[in-house]
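Each chain, written out:
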Amino acid sequence: MNGPEIERLIQLLGRLPGLGPRSARRAALHLLKKRETLMQPLGTALADAARAVRACSICGNLDTIDPCSICSDHRRDAGLICVVEDVGDLWAMERGRIFSGRYHVLGGSLSALDGIGPEELNIGSLVMRVSAGGIREVIMATNATVDGQTTAHYLAERLAEHDVPLTRLAHGVPVGGELDWLDDGTLATAFKARRAL
Ligand code: ZN
């Protein structure tokens, strides 16, 4: 029906989270109609981001500099590490201006179902950061899902020998809730009311 370029565009857009085939077609058509004002700037922005963005070698955050702007900001407390599953969770915390320490991005959660074990996540680098010393608290801000909680408990076991206080986010995070979907007030409350793990 369409040219192969259009079909390919629709197919790629359809791989984005939240876009089914129907919304991918709508998005593709919208882009084609707004070629100069949207499609070309978007293409440039995608190429620029693909070239410039990398994972921070300390915390796993995505940024154009390494160490990332959070790890290299000396006003932020290097003695506090907030462990999150994904960069989206870090963004949620930063949006709410909840936390002024540093982060550690795991890159997912342990999942027997999806075959994700400790080796697939940024766990070794977290253990190294903690064992290097100077950490006063590790805050587990993994999702309130079964996998997120399993991951937090696994990390608590791995970090146990280092004798660093571990906390986790408290009430306000609904069971099954992912941090990125919480409103900023709820996330801030859960963060403030964190308790020992
Ligand atoms: Zn970083």
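Check the entry above for the structure.
Let us look at the structure shown here. Bear in mind the structure is a predicted one, so any value in this text is a computation, not a measurement.

Criteria and cut-off values
- Per chain, residues are indexed from 1 in the order of the written sequence.
- In view of the model being predicted, local features appear only for residues whose pLDDT reaches at least 70, and side-chain atom pairs are presented and counted only at 80 or more, with totals across whole chains, interfaces and linings using the full set of residues.
- With hydrogens and water stripped out, all remaining heavy atoms of the structure feed into the side-chain values.
- A helix here means a DSSP run of H or I that spans at least four residues, while a strand means a run of E at least two residues long, and both kinds are numbered starting from the N terminus.
- Think of it in three bands: with a 1.4 Å probe and only protein chains considered, a residue is buried below 20% of the maximum accessible area for its type, exposed above 50%, and partly exposed in between.
- The contact criterion used throughout is that any non-hydrogen atoms of two residues lie within 4.5 Å.

**Describing the environment of Ala112**
Now for step 1: Checked against the element boundaries, Ala112 lands in the loop between strand 4 (101–105) and helix 5 (124–131).
Now for step 2: Sequence-wise, Ala112 and Cys68 are 44 residues apart; in three dimensions their C-alpha atoms are separated by 31 Å.

**Focus: the environment of Pro165**
Now for step 1: Tracing the backbone shows Pro165 in the loop between helix 6 (146–159) and strand 6 (166–168).
Now for step 2: The class for Pro165 is partly exposed, based on a relative accessible area of 46%.
Now for step 3: Through-space distance from the C-alpha of Pro165 to that of Val138 is 6.4 Å; in sequence the pair is 27 residues apart.
Now for step 4: Excluding its chain neighbours within four sequence positions, the residues that come into contact with Pro165 are Arg136, Glu137 and Val138.

**A word on unusual backbone geometry**
Now for step 1: The linkage connecting Asp66 with the following residue, Pro67, adopts the cis geometry, with an omega of -5°.
Now for step 2: You can see Pro67 is positioned in the loop between strand 2 (62–63) and strand 3 (77–84).
Now for step 3: Even without glycine at this site, Arg97 takes up a positive phi of about 45°.
Now for step 4: Looking at the element boundaries, Arg97 is found in the loop between helix 4 (87–95) and strand 4.
Now for step 5: Of the residues examined, Arg97 reaches a relative accessible area of 75% and is grouped as exposed.
Now for step 6: Notably, Asp163 is not glycine yet its phi reads approximately 60°, a positive angle.
Now for step 7: Residue position: Asp163 is located in the loop between helix 6 and strand 6.
Now for step 8: We classify Asp163 as exposed; its relative accessible area is 70%.

Worth remembering: the numbers are spatial, not functional.
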